[in-house]
Every structure is written in structure tokens, then in C-alpha cells.
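# Coordinate inspection notes
Each chain is listed here by its residues.
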Amino acid sequence: MSSVRLLYNDKPGMVMLVLLAAAAVLVPLCNLGFPDGHLLHISTFTMTLVGKYLCYGLLAVSVDLVWGYLGILSLGHGAFFALGGYAMGMYLMRQIGDRGVYGNPLLPDFMVFLNWQDLPWFWHGFDYFFFALLMVILVPAALAFAFGWFAFRSRVTGVYLSIITQAMTYALLLAFFRNEMGFGGNNGLTDFKDILGFPLQSDVTKAGLFVASATALALGYLCCRFITGSKLGRVCTAIRDQEPRVRFLGYRVENIKLFVFTFSAVLAGIAGALYVPQVGIINPTEFSPLNSIEIVIWVAVGGRGTLYGAVAGALVVNYAKSYLTAAFPDAWLFGLGALFILVTIFLPRGISGGMTGLFRKRQEIN
Amino acid sequence: MHSFSRDFALAALFWLLLMTQYCSGAEPNSQFLDGLVLLSAQSFTEKEKGIELIGASQDPLAARTLQSLLDGKLFYTSKDNILVYGESEGANYAISDFLSGESLGLVKKRNLEKITINNTLRSTLKTTIALINLQHPDDTVRLAAVNAVLSDINPELLEILAGCYQTEKNEQVRDALSVALAIGGLRQQDTAKRLEALQSVRGDVHPVIKNEIQALIDRETDAIVIKAAKSTLTAIEGKIAWFARLETLFFGLSLGSVLVLAAIGLAITFGVIGVINMAHGELIMLGAYTTYVLQQLMPDSIGLALALSVPAAFGVSGLAGILIERSVIRFLYGRPLETLLATFGISLVLQQTVRSIFSPLNRSVATPDWMSGSITINPILSLTSNRVTIFFFAMLVFGALFLLLKKSSLGLNVRAVAQNRAMARAMGIRAARVDALTFGLGSGIAGIAGVALSQLTNVGPNLGQAYIIDSFMVVVFGGVGNLWGTLLGGLSLGVANKFLEPWSGAVLAKIIILVFIILFIQKRPQGLFPQKGRAAE
């Protein structure tokens, strides 16, 4: 009962979920049901693009959970996203089989190219989808758990924590660029053929991935909403606002932080796993510190501590990015930089904060 | 008999011709001319005598004559028997009168008679040329001569070299001579002398000597000498390994000094304002571009441009820093995470601005003469001058900054605000002004770091990004707001990185360092030198 009331009180969230459900039904329908050139036809390109944005939305939700509710500014969430993506990419690599350029049934192309004889041990098991799914969840979770275990126990907070999360993703970036790591070096993993037997090039598969992304975003949102609405969520908010006081009240702050941080990393990993089959490539640049910090700006633009704001921010900023990089290639970094500065100074609560502020004012006038 | 009389007749003729040819320059040296005549003989024994005569003649042309002979470029014309210098040009030879140097045009090969030599003569020639050059007034020629004879030293040459060693004044030539003497000593017939030579080269790291001892071990039959040689070789190898470590240490300190320069401005701003300036790397980049622009403006005096760019870069980056502080950061005090994002936005804007103005391509900044080249300590250890200069420059900047913070009134204000902002304000310090000045100071030092970096790498829009994470690591490792911590942190990270590199490769070394710092922060969240007192939480 309480969870229903929770949703009822979350009006913008309800609106978002309804829109998401509508998109999950209508977009694939318009893509598959109407022929090319029809008024209602949505091109496959647009559908994949929006699907990509939905993955970013889930990623933004995961960052908002730790930043907006727990006060941890993670500049390394791109690492969890990329690790989930690599796990999925490895499964997709194994599905290529002997259809690669070198036609080797045992080894992926880049290993043949590097003259490797055997499959490295960590590639075993990725032939099975369920194993890959498990890894999509476990690998980011393990990294986040290990990292958080050390960081939260020794009470590393604030700017220090942000900097070492950035160092973490930077170290991974350097590591994945190495050919010896066995993840394809700077080319990454690409040239995927099919997923669960469905060819990745076909519209039906793409529609399926779109629906999966929308569902994952909706479920991820509901989970986070449930956490933030629960007693745990209220403790999180308290930690964000007054960490020492919560500790003095007898809560094990580090355990709470560890749980929420790890859960958030899992969400980011799932977002990455859904992202990779839609864009068809995963390479080490996903680990770059710039990517991670961009996620934070989506959340900042949308308004942190709201969850739906994060989704809105991810969609708006990425749409602007797609438009600007195509229309004015030089202007994008100016725009992104200005966005960082203006949002932090003038819109500390983001778009959604500004909107609710407007509504509230009108209500007061009425 | 016949050949001898023919030779004799020809020799007489040559003599006359040479007398007429040899009209340029000073007194005709009869010994030299006699030698030239003997060169035209058929018999190699005669030629050898000729070479010796020329070698002993002290004629200015002697070395050139023998060198041309060695290179096979000395001919007689078949028709009128003139001694010529010939340079092959296709099927023909471009010849010139050897003694006067006057050009005689192109001739067919069959019209020339080459002065042939054999292997014995070749060796004699080399030694003789070296002997002549050993007396040459030019230092570089003497040095080259010593190095040329290293491969074939005979006892007779050894004595001459020993004589040269006594009189030689130039340091480098003396070193080369002592190496040559040592090698000669190792080839002595007398066992005692070989042992003595082994004793004298102990600890000499010259690669030629190392090879010579290796060769000695291979050919030696005397057990005592072999044992001595092996022990000497071990000693030399140990010393070489030690110098290799010294070189790694030098590279580490060089990298460390760059890190210190890049990080120290960040440490000041972070310590005083509690703000992480993500645009710090771009302020470094601005300093590097200032150097580039100044060099473009003064292409004739690169050294002066570089010297001027130190204050110029300090000014440009410092003003940019004050502008950033006044326009953005002061609105965000007390919100460190937002400051981090806003300054990141600034870094993107600065990068793109530079990319639009100077193109995304890397620019190279010239190194003035006094900074290029290297300082040779011994044959296997030489330090590149630009790195040495930058190391001392970094220490100078550190010292100046240290004095500024400890001795000046601005420094006093800065430290007061850093320790307790509210109390400092109560004492009448204008904290806002101190904030702006501190930020300007930190940014200006970033600009100076950019000048130094422009001498090590190419200048491009991504220059700052390459150093920003490393700078963060130095600050976080050394402890915030502590200059000594930054110095020690930067130098030790640089040295650790360079010592790991040969063992693990450059990228893995960097990863190991990053992981180490991540773990270190867990253990000591406040860095090597934590802030004490009420400023600490």
C-alpha cells in the first residue's frame, strides 16, 4: 500500500513513467507498422538514437541516486557503465563465432590479429547469455564494492572522493587501452552480428532493444524511487546533509553508503549492457574522465535529488549534443562548458527544480 | 731489373714535374716530395717507405694526401703524369691538380692511373694519418684521431699515444687517450703489464673498454689474468648498473619537478579556498601558448622570448585565474562540488577557445641553444640540458613561492585565511581580496609550469588534460595546503614512476601509481602532511 502511495505522491515521476510506457509501445509500432515515408513512420535511426538516450537516462538515474540522495559526487560512474558494456560486448563477440574477418571459430578477430593461441581465462563463459548477464551485474558491483569498502570505511568524503573516483576511471582507461589486457586495445569490441540469435541489423531486434531499454529505465527508476522513499532513503538524505550527526545517532554510515553505491553501480552496468548492442561498439574511451563528468552534468541540468530530473537532463543534454555536434561542430564544447557554468550558478536545482519552483509560486498566488 | 730501371726513370721525371707543380704555398718540403715520388713506384715496399716519408714530413698537405690515398682517390694522368685528385662521376672522373687544387675537368677512366694499395699499406696509412692528426692543433681532429686508432693499437703506437697523453691539455682528448692507452695495455705481451692495465681500468665505464675486457677474457690463456679480468668486468658492470639507476633517478626527478610545477598552484588554491580547480590544466596550457606566441613574435631571439614568457605567462594565466574567480567561483563558495563542475565547464570553454584560435594541431616551441644538448658526465651517463634546467627552474619557483608565503604580508594573509577564515576576517583581513589574489597566484604559477612544459612536449589544446589528473594526485598525496607535501609528493611520484617503468612498461607504471594513491588515500585521507589544528575537520 505504501509503495502505491509513494508513486501517487511522485506526480512528475508518474508522468515520466506513462510517457515511457507510451514510447515503449508507440515507437516500435510506428517503426515496424508503418512503411518508410509514411507520416507516422519513425526511422530506425531515430529509434536507436532514442534507445541510446534511454540508456543514458538509466545511467543518470544511477548517478542521481548517489549524488542527489547520498551526497557522493562520483566522477567515475562511466567506469561502471563501460564495464557493463564490456561484459555485454564480450558475449556479442563470442556470438560472432567463425563469421569474423579471419574466420577463426575459437578466437575473436583481435586475438587472431595479435597472434594469440588460446582464449584468455576471463573470456570463458561469455558464450552463454546468462553468464554474461550475471557479469554485467557482478563486475561493476564487485568494483564498486571493493572501492567503496576502502573509501567509505576510511571516511574519504567530498572532493577527495570525487578525485579518486576520477583516478579510478582514468586508471581503467589506461588499462583497457593496453592490447595485453585482452579486451581489444584501443579498438575495443565491435563488428557484432547477433544477440540471442536475432541479427542486430534487423529492425525487429532494434525495436526489441528499444523496449528493453525503456523497461530497464522504468524498473531502475522504480527501484530507486522505492529506495529513496523508504526509511533507507531518508537515512541517505540525512547522511547527505549531516553525515557526522547520522553516525552519532548510531547508524552504520559506511554500510549504507556501500549498499547504495554498489546498487547504483549495478544500474550503471545494466545501462552499459543495453547501450552496447544498440551502438554496436564498446571501446576504452567510454572510461574517459570526460564521459563520467558529462553524466554528472546531465543530472545537474535536470536537477539532482529528483530522479526524474536526471532522466530529463540526460535526454535534453544528449539531444542538444546530437544536434549541436552535427550542426555546429565547434560550438558543442562551448555549449557544454557554458552549461556547466550556468547551471551551477543560476540553476542549482536544475530544470525540474526551476519548474516545480514556478508551479509552487503560481499555487501560492492562487 | 727492368722494372727497377723503368721505375727509376719515371721517378726522376715525376720529381721534375712535381717540382713544377708544387709552386703554391710555402717552401717545397723535399721529404714530402720524395714521399710522393715513392708512391708512384710499383712495389708496395717502396710505397710504404713513401707513406712513412710523407708522414714524417710535417707538410700541411700530408694528412690530406694520405687520406686521399686511403680512399683511393689519388691518380696519375697517363699522358703527362700529373698527380691528380679524382672524384668519380658516372663513367668519368672529375680531376683536379692535387698540389695546386686547380680543376682539370672530366677525363675518361682509362686516361688515369690509380695509385693502388694493399691491406698492409691500408693499416700503415691509418696509423700514419692518426699520428699526423694527433699533432693537429684542432681539438676535435685530435679526438677523432684517437678514436680512429682504438681498433688497432700496436706497441709502437702505444708509446706515441703515451707521449701525447703527457702533453695533451684538452680534457676530452685526454680521456680518449687514457682509454686508448688502457686498451693498448690490455694487449701487451707481458702478463704483468696486462694485469697492471686491468688494475688501471677498474671502474672505467667506457663501452670500448668493457668490450676489450670481454675480448681479453675470450682470448686469454693465463688463469690469473682471466680471473683479474673477470673481477674487473664485474666491477665495471656494477658501476654501469649504478649509473643506469642514477639516470633513472634523474629522469624521475625531472618528471617529478614537472609534476611539482604543475601541482603547486593547485595546492595553493585548494589549500586556501578549498576549491578544486578543474581548469588548472587549461591555465597551464595558456602559459604554454603564451610561450608559443612570444616566440612567433620574436623569431630571431628565441632565448629572450623564452625568458620573457615566464613573466608573460604568469600574467596571462594569473589574470585569467582572477577573472575566473571573480566571475564564477566567488558565487560558489561553500559548495565545493559545484565549484568542481563549474571550473570543469571553464576548462572545456578554454580548450575550445584555444582550438578555435590556434587550430587543434600541436604547435612546437623551439628550444634555445643554451638549453639544448646534454651534459655528459661519463660515456654512459649524460643529462639533457633542458631537463636539468627545468628541474632547477622548478626548485627556484618553489623557493620563491615558499618565501612569498612565509615572509610577505600577502603570504601572512593567505595563511591566515586558510587556517581560519572567520577569525582572519575579524582581524581585518579582506578575505575576498585574498581569495582573488591567491587564485591569481596559483593560476599564474600554472602559467609558468606551461612555459616549462612547452620545452618538453608539443603545445596543443589537450596539454592541460594530460597533466591535470597527475597534478590532482600530487596534491592529494602530498596533503592539501602544504607546499613541502607537494614538493615531496611530486618528486617521489615522479621517481617511483620512472623506476617502475622499465619493470612494467610506461602505461602499467602509471596505473600502478594511480592504484597506489587510491589505496593511500584510504589509509591517510589527508595526505602525507595533514593540516593540523582547527582547520582540520
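Residues numbered from 1 in each chain as written. Chains lettered and ligands numbered in written order. Predicted model: local features only at pLDDT ≥ 70, side-chain atom pairs only at ≥ 80, totals over all residues.

### Let's talk about the interface of chain A and chain B
Put simply, the rule reads: In this description, a residue-residue contact is defined by the distance between C-beta atoms placed from the backbone, which must lie within 7 Å. Every helix listed is a DSSP run of H or I at least four residues long, and every strand listed is a run of E at least two residues long, numbered separately from the N terminus. Gly falls in the polar group here, along with every residue not listed as nonpolar (Ala, Val, Leu, Ile, Met, Phe, Trp, Tyr, Cys, Pro) or charged (Asp, Glu, Lys, Arg).
Contact residues are listed per partner, giving 38 residues for chain A and 34 residues for chain B. Counting only elements with at least two residues in the side of chain A that touches chain B, the list comes to α6 (129-153), α7 (158-177), α12 (289-302) and α14 (331-346) of chain A. Ranked by the residues each element gives to the side of chain A that touches chain B, the list is headed by α7(A), at 14 residues. Of the residues contributing to the side of chain A that touches chain B, the split by class is 29 nonpolar, six polar and three charged.

### Side note on the pairing of strand β1 (residues 74-77) of chain B
Along a regular strand, successive side chains alternate from one face of the sheet to the other. All names here are of chain B. Where we set the bar: Two strands pair under a simple rule: DSSP has to find at least two bridges between them.
Relative to strand β2 (residues 83-89), β1 runs antiparallel, the two being bridged by three bridges. Opposite Y76, over in β2, you have L83 as the bridge partner. The antiparallel hairpin formed by β1 and β2 contains five residues in its connecting segment, where N81 sits at a positive phi of about 55°. Two strands pair when backbone bridges link them, and β1 and strand β5 (residues 112-114) are joined in this way by three bridges, in the antiparallel orientation. Following the sheet pairing, F75 is matched in β5 by K114.

### A look at helix α6 (residues 139-149) of chain B
Residues that lie three or four places apart on an α-helix share one face, since the helix turns once every 3.6 residues. All names here are of chain B. Heads up, the rule is: Working definition of burial: number of other C-beta atoms within 10 Å of the residue's own, with buried at 20 or more, exposed at 12 or fewer, and partly exposed in between, all C-beta atoms being placed from the backbone. By definition, the arc is the one covered by directions from the helix axis to the C-beta atoms.
For α6, the complete set of buried residues consists of R142, L143, A145, V146 and V149. The buried residues of α6 all sit within an arc of 160° when viewed along its axis, so they share a single face. Tucked inside the fold, the buried residues of α6 contact α5 (119-134), α7 (155-167) and α8 (171-186).

### Looking at the domain arrangement of chain B
Which entries qualify depends on this criterion: Segmentation into domains, and thus their bounds, comes from an automatic or database assignment.
Here chain B is partitioned into domain 1 (2-120), domain 2 (136-221) and domain 3 (252-367 + 387-535). Look at where the C-alpha atoms of domain 2 of chain B and domain 3 of chain B centre, and you get two points 51 Å apart.

### Let's talk about the environment of B:V107
All names here are of chain B. In this fold, V107 is placed in strand β4 (residues 103-108). For V107, a count of 18 C-beta atoms within 10 Å gives the class partly exposed. Along the primary structure V107 and N92 are separated by 15 residues, whereas in three dimensions their C-alpha atoms are 5.6 Å apart. Excluding anything up to four places from it in sequence, V107 contacts N92, Y93, I95 and L112.

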